[in-house]
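# Examining the three-dimensional arrangement
Next come the chains, spelled out residue by residue.
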Amino acid sequence: MFLKKTSVVGEKNGVSYLNGKVKFQGVSLNVYCYFVDGVLIDTGSQSLHKYFEAFIDETDFDQVMISHFHEDHTGCAAYIEKTKKLPIYLNEKTIDYCKNRADYPLYRQLFWGKRKPFHAKPIPEMFTSRNSTWDVIDTPGHAFDHKAFYNRETGQLFTGDLFVSERTKVVLAEESILEIIESLERVLTYDFQDVFCSHAGLLEDGRAALERKRDYLLFIQDKVLAFHEEGYTSEEIRNKLFSKKYPIVKFSGGEWDSLHIVTSILNEKK
């Protein structure tokens, strides 16, 4: 079983990053971790540990902020705990989960590896770095423990998996479209321009990108509800709005699917 793994290290607008990518059978996934002003944001995946660990070794940070518990963001947290002995912060809702061995489907273990247990502290509502004050923003939807990080001094916003792409086509079964819309509205109340996404990288016109994503999801929400009122089933609505078949749907055994967008909207509007 052959996985192609690559990575790119760079710097944009004062923020250093490592972007690791895994490709297998037509499915290509990537993830970023960021470093700025003594703060490491997310830790990459265990499957790409040789890249992320080298980046961690070479980076002079004081603390780690994790956007959410998913394994592509927490994969090298145990390595940091072992080698750096620096504070790692995570939403308190998933601290106990991350203390234990990871439990997620085999296809995710194939792509992202097996996240080792690590210990974290509850993430505060605000924190300071070497030269900046940061707001920690609740942004659930993709994950129930999701957080975004806003640097008050630079106006830079780190959004974890809140953005990913403007036109969402597939989501995890547990994702909430309503909560994602509300989270986008919440971050849009802040004064920012640069957005650093954990999968799309730097969005230089970040505010406009997040606005377009919110507007797209509102459009999809309206279409789903309208089709439902006309008597279409969830599967029929999915086929009308998302006719393309994505490899990740079959590969994940349906954990990722366009259908979950439809059912999330319908369930939350009942």
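Summary of the structure given here. Because the structure is predicted, anything quoted here is derived from the model rather than measured.

## Topic: the sheet that holds strand 9 (residues 133–138)
Pairing is mixed in the open sheet, where six strands are placed in the order 8-9-10-11-13-14. Only two strands of the sheet have a single partner each, and these edge strands are strand 8 (126–128) and strand 14 (201–203). Strand-to-strand twist across the sheet, computed as the mean angle between neighbouring axes with direction ignored, equals 25 degrees. Sheet topology places strand 9 next to strand 10 (residues 147–151); five bridges connect them, and they run antiparallel. Considered in strand 10, the bridge of W134 is made with N151. Those strands touched by helix 6 (residues 177–187) are strand 9, strand 10 and strand 11 (157–160), and its axis lies near 155 degrees from that of strand 9. Contacting strand 11, strand 13 (195–197) and strand 14, helix 7 (residues 206–229) runs over the sheet at an angle of about 60 degrees to strand 13.

## Thoughts on the sheet that holds strand 3 (residues 27–36)
The seven strands lie next to each other as 1-2-3-4-5-6-7, forming an open sheet whose pairing is mixed. Of all the strands in the sheet, just strand 1 (4–12) and strand 7 (121–122) have a single pairing partner and so form its edges. Pairing between strand 5 (residues 63–65) and strand 6 (residues 88–90): two bridges, direction parallel. By the bridge assignment, M65 is partnered in strand 6 with Y89.

## Regarding the pattern of salt bridges
Between side chains of opposite charge, pairing is possible as soon as their charged atoms come close. Counted by the stated rule, this structure contains eleven salt bridges. The closest approach of N and O atoms between R108 and E255, which form a salt bridge, is 3.0 Å. Residue R108 is found in helix 5 (residues 106–112), and its partner E255 is found in the loop between helix 9 (247–251) and strand 15 (256–257); the two are separated by 147 residues along the sequence. For the pair R108 and E255, one class covers both residues: buried. Taken together, the shared-partner salt bridges connect D60, D62 and R130 into one network.

## Focus on helix 8 (residues 234–241)
Listed as buried for helix 8 are S234, I237 and R238. For helix 8, the angular spread of buried residues about the axis comes to 105 degrees, placing them on one side. As for helix 8, its buried residues are in contact with helix 7, strand 15 and helix 10 (259–268).

## Brief notes about the packing of aromatic side chains
Inspection of the entire model under this criterion finds 15 aromatic pairs. Seen from their ring centres, Y34 and F196 are 5.3 Å apart, and the 70 degrees between their planes marks the pair as edge-to-face. Residue Y34 is located in strand 3, and its partner F196 is located in strand 13; the two are separated by 162 residues in the primary sequence. Residue Y34 is classed as buried on the basis of its relative accessible area, which comes to 2%. Here R207 stacks its cationic end above the ring of F192, 4.4 Å away from the centre of that ring. K213 extends its terminal NZ or CZ atom over the ring of F163, reaching a point 5.9 Å from the ring centre.

## Describing the pairing of strand 10
Of all five residues in strand 10, five are buried, a share of seventy percent or more. The alternating pattern of strand 10 places K147, F149 and N151 and A148 and Y150 on opposite faces, both of which are buried. Here strand 10 pairs with strand 11 via two bridges, running antiparallel. Looking across to strand 11, one finds that F149 is bridged to F158.

## Looking at helix 6
Regarding helix 6, the residues found buried are I177, I180, I181, S183, L184 and V187. One side of helix 6 carries all its buried residues, which in axial view fall inside an arc of 160 degrees. Elements in contact with the buried residues of helix 6: strand 9, strand 10, strand 11, strand 12 (171–172), helix 7 and helix 10.

Rules used in this analysis
- Residues numbered from 1 in each chain as written.
- Predicted model: local features only at pLDDT ≥ 70, side-chain atom pairs only at ≥ 80, totals over all residues.
- Heavy atoms only, no water.
- Pairing = 2+ DSSP bridges.
- Helix = DSSP H or I, 4+ residues; strand = E, 2+ residues; numbered from the N terminus.
- Axes fitted to C-alpha atoms, helices over the stretch in contact; angles between N-to-C directions.
- Contact = heavy atoms within 4.5 Å.
- Salt bridge = Lys/Arg side-chain N within 4 Å of Asp/Glu carboxyl O.
- Buried < 20%, exposed > 50% of the residue type's maximum accessible area, 1.4 Å probe, protein only.
- Arc of directions from axis to C-beta.
- Phe/Tyr/Trp six-rings, centres within 6.5 Å; stacked < 30°, edge-to-face > 60°.
- Lys NZ or Arg CZ within 6 Å of the ring centre and 35° of its normal.

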